[in-house]
Amino acid sequence: MKGYFVHRRTQIWILFLALFHSPLLHAGTANIDLNRNDTYLIQGFDMDYLQKGIKNGTLIPDLEKQLQEEKDKKNGKNIYKLPATNTGRKRAPLSRFHFEGLPQAGFYKFGHFASRHFTYITPFKITESEYNALVNPSFFIAELAGTGWEIYLNGYLLESRIQFLDEAKEKPRTYNTRNIQVAVDKNYMHKGKNYLIIHVLGDPLSDLSGFVMANEQILGNYGDLLKHRDKRLDLIFIFSYLIVGLYHILLYLRRPKEKYNLDFGLFGIGLFIYLLMRSNAVHEVFIHATFFLYLVELVDLYLIVAPFLFFMDRYLAGRLSRFSKVYFFWALLLSTAIIIIMPITGSLRISNNILRTWHFSMIPVILYILYITFSRFIFEFRGYLSRHREKFGRSKIFNSLANTFALTEAGNLIIGVVVLMVAVVYDILDAAIFQTGITLTRFGFFIFVMGIAVSLANRFLNVYKQVEDLNQNLEKKVEERTNELAETLEHVNALKVQQDGDYFLTSLLIDPLNSNYAHNDKIKVDFFVEEKKKFKFRRWEKEIGGDICFAHSLDLRGKAYTLFLNADAMGKSMQGAGGVLVLGAVLKSVTERTLLSAVEKNLFPEKWLRNTFVELQKVFESFDGSMLISCVFGLVDEENGFVYMINAEHPWTVLYRDKTAGFIEDEMTFHKLGTKGVKKKIWIRTFEMHYNDTLIIGSDGRDDILLGMGKENQRIINEDEFAFLRHVENADGDILRIVEEIKKAGDLTDDLSLLRIESRIQPPQVDENEHRILRLAQEAFIEKRYERAVHIIESELSIPHLPEIWMILIRSLIKSKKYPEAQVYSCRFIAMHPGYTEFIYYAALSSFYARKMNLAADIGERLRLRQPGNIKNLILLAEIYRAMKNPSRAEKMLQEVLNVEPDNTKAREIQEKITVSTTE
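Residues numbered from 1 in each chain as written. Predicted model: local features only at pLDDT ≥ 70, side-chain atom pairs only at ≥ 80, totals over all residues. Heavy atoms only, no water.

**Examining the overall build of the protein chain**
Helix and strand counts for the protein chain come out as 30 helices and 28 strands. A total of 920 residues make up the protein chain; the buried ones form 50% of that total. Of the contacts made within the protein chain by residues no fewer than 6 positions apart, 73% connect residues no fewer than 24 positions apart. For the protein chain, the exposed surface amounts to about 45,800 Å²; the carbon and sulfur share of it is 56%. (Helix = DSSP H or I, 4+ residues; strand = E, 2+ residues; numbered from the N terminus. Buried < 20%, exposed > 50% of the residue type's maximum accessible area, 1.4 Å probe, protein only. Contact = heavy atoms within 4.5 Å. Areas by Shrake-Rupley, 256 points an atom, 1.4 Å probe, with all protein chains shown as cover.)

**Description of the pairing of strand β24 (residues 694-698)**
β24 sits mainly inside the fold: five of its five residues count as buried. Side chains of β24 alternate between two faces, with Thr694, Ile696 and Gly698 and Leu695 and Ile697 buried alike. Sheet topology places β24 next to strand β28 (residues 752-759); five bridges connect them, and they run antiparallel. Paired with Leu695 across the two strands is Ile757, which belongs to β28. (Pairing = 2+ DSSP bridges.)

**What about the nonpolar core?**
In this structure, Tyr327, Trp358 and Phe448 are the most contacted members of the largest nonpolar core, which totals 54 residues. For this core, the secondary-structure elements that each account for two or more residues are α6 (232-254), α7 (259-277), α9 (290-317), α10 (322-345), α11 (348-387) and α14 (409-434). Here the element with the most residues in this core is α9; it accounts for 16 residues. Ala777, Trp806, Ile810 and Met893 belong to the second-largest nonpolar core, a separate cluster that totals 53 residues. (Core = buried A, V, L, I, M, F, W, Y, C linked by side-chain atoms within 4.5 Å.)

**Some thoughts on the packing of aromatic side chains**
Applying the stated rule across the entire model yields 33 aromatic pairs. Between the aromatic rings of Phe97 and Phe99, the centroid separation amounts to 6.2 Å while the plane-to-plane angle is 55°, which identifies the pairing as tilted. For the pair formed by Phe97 and Phe99, the shared burial category is buried. Both rings, one in Tyr561 and one in Tyr644, keep their centres 6.3 Å apart while their planes meet at 65°; by these two values the pair is edge-to-face. Here the residue Tyr561 occupies a position in strand β18 (residues 559-569), and Tyr644 occupies one in strand β20 (residues 642-648), the gap between them amounting to 83 residues. Taken together, Trp806, Tyr825, Phe829, Tyr836, Phe839, Tyr841 and Tyr842 form an aromatic cluster joined through their ring pairs. Geometry around Phe848 places Arg851 over its ring, the cationic atom sitting 5.9 Å from the centre. It is Lys872 that lies over the ring of Tyr841; its NZ or CZ is 4.7 Å from the centre. (Phe/Tyr/Trp six-rings, centres within 6.5 Å; stacked < 30°, edge-to-face > 60°. Lys NZ or Arg CZ within 6 Å of the ring centre and 35° of its normal.)

**Comments concerning the side chain of Glu638**
Tracing the backbone shows Glu638 in the loop between β19 (629-637) and β20. An unpaired buried charge is present at Glu638: no salt bridge exists, and Lys522, the closest side chain of opposite charge, is 7.4 Å distant. A polar side-chain atom of Glu638 sits 3.1 Å from a polar atom in the side chain of Asn520. Dropping the residues within four chain positions of it, Glu638 is found in contact with Asn520, Lys522, Ile523, Ser553, Ala560, Tyr561, Thr562 and Ile761. (Lys, Arg positive; Asp, Glu negative; His and termini not counted. Salt bridge = Lys/Arg side-chain N within 4 Å of Asp/Glu carboxyl O. Polar contact = N/O pair within 3.5 Å; in protein donor to acceptor, adjacent residues only side chain to side chain.)

**Points about the sheet that holds strand β8 (residues 156-160)**
What the six strands build is an open sheet, ordered β3-β2-β5-β10-β7-β8; its pairing is antiparallel. Edge positions in the open sheet fall to β3 (79-82) and β8, since each of these has one partner strand only. The sheet shows a mean angle of 20° between the axes of neighbouring strands, taken without regard to direction. Looking at chain direction, strand β2 (residues 39-43) and strand β5 (residues 116-126) are connected through four bridges and run antiparallel. The residue of β5 that forms the bridge with Gln43 is Phe118. The sheet contacts of helix α2 (residues 47-56) involve β5, β7 (148-153) and β10 (192-202), and relative to β10 the element is tilted by about 170°. The strands touched by helix α3 (residues 59-69) are β2, β3, β5 and β10; relative to β3, the strand with the most contacts, the crossing angle is about 110°. (Axes fitted to C-alpha atoms, helices over the stretch in contact; angles between N-to-C directions.)

**Regarding the pattern of salt bridges**
If you walk through the whole model with that rule in mind, you get 31 salt bridges. Between Lys588 and Glu592 there is a salt bridge; the shortest N-O distance is 3.4 Å. Of this pair, Lys588 and Glu592 both sit in helix α17 (residues 573-596), separated by four residues, roughly a single helical turn. Among the ionic pairs, Glu879 bridges to Lys906, the shortest N-O distance being 3.6 Å. Of the two residues, Glu879 sits in helix α28 (residues 871-883) while Lys906 sits in helix α30 (residues 905-919), which places them 27 residues apart along the sequence. Lys906 gets classed as partly exposed once you look at its relative accessible area, which sits at 37%. A cluster of three or more residues bridged by salt bridges with shared partners is formed by Asp526, Arg756, Glu758 and Arg760.

**Here we look at the packing of helix α20 (residues 723-730) against helix α21 (residues 735-745)**
Running from N to C, α20 and α21 cross one another at 130°; their axes reach a closest spacing of 8 Å. The orientation of α20 relative to α21 falls into the category oblique. Where α20 crosses over α21, the two elements pack in a sense that is right-handed. Listed contacts from α21 to Phe724, His727, Val728 and Asn730 of α20 are Arg737, Ile738, Glu741, Ile742 and Ala745. Split into classes, the residues belonging to the contact of α20 with α21 amount to five nonpolar, two polar and two charged. (Parallel < 35°, antiparallel > 145°, perpendicular 65-115°, else oblique. Left-handed = near helix turned anticlockwise from the far one by under 90°. Nonpolar A, V, L, I, M, F, W, Y, C, P; charged D, E, K, R; others polar.)

**Looking at helix α23 (residues 786-796)**
Along α23, the positions that sit buried rather than exposed are Tyr786, Ala789, Val790, Ile792 and Ile793. An end-on view of α23 places all buried positions within 160° of arc, on one side of the element. In this structure, the buried residues of α23 make contact with α22 (768-782) and α24 (803-815). (Arc of directions from axis to C-beta.)

**Some points on the confidence of the model for the protein chain**
In this model, the protein chain carries a mean pLDDT of 80, and residues with pLDDT of at least 70 account for 81%. Across residues 1-28, confidence stays below pLDDT 50; counting only partners more than four residues off in sequence or on other chains, it has 42 contacts. (pLDDT = per-residue confidence, 0-100.)

**Considering helix α27 (residues 853-866)**
The periodicity of an α-helix, 3.6 residues per turn, causes residues three or four positions apart to be oriented the same way. Helix length check: α27 (14 residues) gives 20 Å between terminal C-alpha atoms against 20 Å at 1.5 Å per residue, within 8%. With eleven of 14 residues buried, α27 is to be regarded as a mostly interior element. By the burial criterion, the buried members of α27 are Met853, Ala856, Ala857, Ile859, Gly860, Glu861, Arg862, Leu863, Arg864, Leu865 and Arg866. (Expected span 1.5 Å × (residues − 1).)

**Details of a nonpolar patch on the surface**
Judged by side-chain polarity, Phe374, Ile378, Val418 and Val422 come together as a nonpolar surface patch covering roughly 310 Å² of accessible area. Secondary structure elements with two or more residues in the nonpolar patch: α11 and α14. Along the chain, Phe374 falls in helix α11. A residue is classified by how much of its surface remains accessible, and Phe374, at 37% relative accessible area, is partly exposed. (Patch = residues over 30% accessible without salt bridge, like charges linked within 9 Å, V, L, I, M, F, W, Y side chains within 5 Å.)

**Looking at unusual backbone geometry**
Of note in the backbone geometry, Arg557 takes a positive phi value of approximately 55° without being a glycine. Accessibility expressed as a relative area gives 34% for Arg557, which makes it partly exposed. The phi dihedral of Lys659 is positive, around 65°, even though this residue is not glycine. Tracing the backbone shows Lys659 in the loop between β21 (654-657) and β22 (660-663). Owing to a relative accessible area of 58%, Lys659 belongs among the exposed residues under this scheme.

**Regarding the sheet that holds β19**
Strand order in the open sheet made by the six strands is β13-β17-β18-β19-β20-β23, with mixed pairing throughout. Of all the strands in the sheet, just β13 (516-517) and β23 (685-688) have a single pairing partner and so form its edges. In terms of strand pairing, β19 meets β20 through six bridges, oriented antiparallel. Residue pairing for β20: Gly634 is matched across the bridge by Met645. Strands in contact with helix α19 (residues 605-621) are β17 (547-556), β18, β19 and β20; relative to β19, the strand with the most contacts, it is inclined by about 160°.

**Some remarks on the pairing of β19**
In terms of burial, β19 is largely enclosed, as nine of its nine residues are buried. Neither face of β19 is open: one carries Ile629, Cys631, Phe633, Leu635 and Asp637, the other Ser630, Val632, Gly634 and Val636, and all of them are buried. Where β18 meets β19, nine bridges bridge the pair, whose relative direction is antiparallel. Within β19, the residue paired with Asn566 across the bridge is Val632. Here β19 hands over to β20 after four residues, with Gly641 in that stretch at a positive phi of 75°.

As structure tokens, then:
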């Protein structure tokens, strides 16, 4: 209820100020109100005629005679009589009258008309006592507008604002002058009859020509009239709006989330500008810039409604409405039109048409403001009504209404909003119709501001009450909270110890799995693992996470290989550690099984990798996608540095060769381990390392570096995957220096693990004899003397080092159809030089013709794992499986061929053979 009575007191105070501010109270006893006399308005201006009439005393009789003569004219008149009024105001814009030879003005005025001359004549009498009281006389005219005007007393010129001599050659200056005060030489005045003559040059169809508002015409002493013009209360009100606006903008700068403060601040500043443009002070200072002042006034008027609508939306509804946004664009359109049209045309009539259009658009604006205020008020009222139903009984409506007025934003604002809307409606009607010049918006806005002050005061009181309640019970609550915190801290500490114990046990289980069991001189493997989660358990400091590095030595088909793995398990701390534990345990089990099983040892490296990948995938699929692993794992041939590897959605592998780092991959091949529903062919990527080559494999912690913080305190994470290549080059491939380079770039945000493989395999030394034998064998092969080529090689060398010699030997044996010998040599060759994929095909082909079907199938499948799309190999495998009486497997190979080449003749022939054999 307190806020409600504050509103009432505020309204009474403002009404008292408005009454005290009335111009009628400022008029002194010596002032003569000229509007209490008739005024004659004639078209044209003839100073000689006027002076002659004043001198002879015939001016008024002539004007009355002309009035009688034109009394019945319907197509316009040249003279009108404005009757005397006791209100002190007389409104007479030229657009209200229909002059002869000119069109009649309508609500909207179109077309172009040059400025015309018009004359206002006001006869008045001065008694002897009034004459004596006028010590330093002057005229006060409230508002006079046009492209120019002049003021005469008894035929004597007092002041002129016509700024050109030849109106046909020079564009006239537009004036819209308010509160004109003109000093009078007392010698120009007469005791008895006097004549005030105002010559106006203006647009006859414009509301801004002539006496445009309810005009005052007063004759009095200069000092008394100066007090009449000196409306200091107006300036106090005007600058109070500026202060309020700047204060709310300051509140917004301190709390940017409360955007309604910005909206209200902009509205306050906009209203300050609008009222300042209409004040006497500005028109007195910028006496020759009234056209520009009017332009600023109109643009500001159209725009200031938008922040007011934004304020109401945000303050009462919490969001901007579509209606407010539409009005904002409408205001921009009107402002743009005014800014473009007025300076070009110089026509106040066009601006007045735009203003009238804006008047119409304010009808839905006012209705919307009332709607949003009353709807929010009703919503709050219903809330209080439902809560007070049992508490207040029959008086629930009154109490709910009082609480809504006093304690809610809508209640605090509703009276101010209603008063402000009434003032706005009146000011619009006054500008369009009444034109009294009385501006009520400034008072309505003051009442509205008081409503907001009450609303903010209520918020402050609520906060103060909460603080007071807290202070009263502070000691008790502090003691209770301290005891609760102590108990909670003790419980948390116990849980922390238990959690750290779990972490410690898990890390002990992971340690043997996160190890390097590969030790040889030719292939050097190094690890670096730093987990993000670090903890202390008793006297031990450990870390735990989802990264793992693993290396082990293996023997496959009598050759030594180094198994390597770098993996990153999904999740942090325990979840990631659980994935690493499962992965490490399964891979360790597969490795130990391979070391003990003759069957496993007899697998080619491609097949062993495929089988291991499938086994790991099935294990992690059982977790239903809750545990995913990205990894790179593979084998390195310790004799020649040939690498077999699979990348399961892990960061790409880096090759550091000749001081330059680059990726050996360019696309993702497989999804993470544990990804369900993936039906993709497994294939093995191969790569041959040279002497001193280094492979660097790392988890995504190597790229996810925190580079700094942004403007809004958001983290800036590195997104440049090539930055890691620069780190490798700067560190010269050294794993610890790479870590230093990464940490120099920024802070780690994830687990980081790096695995480094360096080849120290020296290339074989080839003597000149081998090159001589190669030239002789090539000559024999080109001459198709295949047996001669074989003889040269076999007789001179036991184990050639040059791959080209092996290639001529194998091709010559196949051309000679010596398949058993070709099979032996080709198997030896691909064991020594596994990178020559074409000769894997020759090994499978020669094994097939040598009738070693199982070996042929294994070699063919080995090639298929490297090159799944090799058509020749698929057809050969189909032939092999058909010969091995395995038609289903043969059909699978043929189907892969036909999916790519549906018209493959060889595949169709084999398919027919299989069909015939199965039907038989």
